[in-house]
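Single-letter residue listing:
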Amino acid sequence: MASVSVIGHPMIQHKLTIMRDKDTSIASFRRLLREIAHLMCYEVTRDLELEMIPIETPMAHMESPSIKGKKLVFASILRAGNGLLDGMLDLVPAARVAHIGIYRDHETLEPVEYYFKAPSNLEDRLIIVVDPMLATANSSIAAVDNLKRRGANNLRFLCLLAAPEGIKKFTEAHPDVPVFTAAIDSHLNEKGYIVPGLGDAGDRMYGTK
Ligand code: PRP
Ligand code: URA
């Protein structure tokens, strides 16, 4: 039942290569993540259901396609999720936003949750959870657990880079949540970082260390 899609579009792959480079500036890193989010948003929403709605053009009445159902929710796992979120909102400005504050403890790699704020009626909406990094999957599993506890039942997870270990753990925990990523890297190192990866996504986006 679990579905994992690697989005191999050449524009995404080219931009990702620049992001991985350790000498890429913070400004470029942030801009590239936003641009990749545009391209990935296109893929993750490509099968959204449409309905015909009546409109009046300046010339005539017509029935025209419109996305069916309640507004989408983009759920950003703080901090780095916000880099993808900004690009997604460029494309879907009317989307609702959930913010989920989670960081992983550097020693245990266990997720520490510190904030949660989401729109109402999660049970009626498609929720796209965004975080550039799927490493151990502890953070993303906790985020999806939290959303499901509040009624969410139609979710997708979008990331930039994934480790094989994280993909396995996430899809076992949430086989009903399709995963979209731009790349699946080699492995996790002993500190839980993706190799070859791109380093710490939050630090590279915001200039922290
Ligand atoms: C990073 C990243 C993910 C998490 C992935 O966040 O943005 O949320 O690590 O790792 P995992 O799959 O092993 O849980 P981080 O914990 O560094 O939080 P921060 O950006 O707020 O510092
Ligand atoms: N979080 C990151 O930001 N980078 C990794 O490689 C793993 C987790």
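Preceding block: the structure.
Student: Give me the overall build of the protein: which residues, what numbers.
Tutor: Helix and strand counts for the protein come out as six helices and 14 strands. Its C-alpha atoms give the protein a radius of gyration of 18 Å, near enough to 17 Å, the size a compact globule of 209 residues would have. Going through the 209 residues of the protein one by one, you find that 45% of them count as buried. When contacts within the protein are restricted to residue pairs at least 6 apart in sequence, those whose partners lie at least 24 apart make up 63%. Of the roughly 10600 Å² of accessible surface on the protein, 54% is carried by carbon and sulfur atoms.

Student: Lay out the packing of aromatic side chains in plain terms, naming residues and giving numbers.
Tutor: In the structure shown here, the tally under the stated rule is two aromatic pairs. The aromatic ring of Tyr193 is capped on one face by Arg104, whose charged end is 5.2 Å from the ring centroid.

Student: Break down the pattern of salt bridges for me, with residues and values.
Tutor: Summed over all chains, the structure comprises eleven salt bridges. The residue Lys15 makes a salt bridge to Glu35 at a minimum N-O spacing of 2.7 Å. You can see Lys15 sitting in helix H1 (residues 10–20) and its partner Glu35 sitting in helix H2 (residues 26–44), a full 20 residues away along the chain. Exposure remark for Lys15: the relative accessible area of 14% places this residue in the buried category. Judged by relative accessible area, which is 22%, Glu35 ranks as partly exposed. The partner of Lys168 in a salt bridge is Glu172, with the nearest N and O atoms 3.0 Å apart. Pair noted here: Lys168 and Glu172 are both in helix H5 (residues 164–173), with a separation of four residues, about one helical turn. According to the relative accessible area criterion, Lys168 is exposed, its value standing at 53%.

Student: Lay out unusual backbone geometry in plain terms, naming residues and giving numbers.
Tutor: Arg79 follows Leu78 through a cis peptide bond whose omega is 0°. The residue Arg79 is located in the loop between strand E4 (73–78) and helix H3 (81–91) in this model. For the peptide bond that leads from Val195 to Pro196, omega is 0°, which places it in the cis range. When you line up the elements, Pro196 lands in the loop between strand E14 (194–195) and helix H6 (201–206). Positive phi, close to 65°, is recorded for Leu109, a residue that is not glycine. Following the sequence through the fold, Leu109 ends up in the loop between strand E5 (96–104) and strand E6 (111–117). With a relative accessible area of 15%, Leu109 lands in the buried category. The residue Ala137 is not glycine, and still its phi comes out positive at about 80°.

How each quantity is defined
Residues numbered from 1 in each chain as written. Chains lettered and ligands numbered in written order. Predicted model: local features only at pLDDT ≥ 70, side-chain atom pairs only at ≥ 80, totals over all residues. Heavy atoms only, no water. Helix = DSSP H or I, 4+ residues; strand = E, 2+ residues; numbered from the N terminus. Rg over C-alpha atoms; globule rule 2.2 N^0.38 Å. Buried < 20%, exposed > 50% of the residue type's maximum accessible area, 1.4 Å probe, protein only. Contact = heavy atoms within 4.5 Å. Areas by Shrake-Rupley, 256 points an atom, 1.4 Å probe, with all protein chains shown as cover. Phe/Tyr/Trp six-rings, centres within 6.5 Å; stacked < 30°, edge-to-face > 60°. Lys NZ or Arg CZ within 6 Å of the ring centre and 35° of its normal. Salt bridge = Lys/Arg side-chain N within 4 Å of Asp/Glu carboxyl O.

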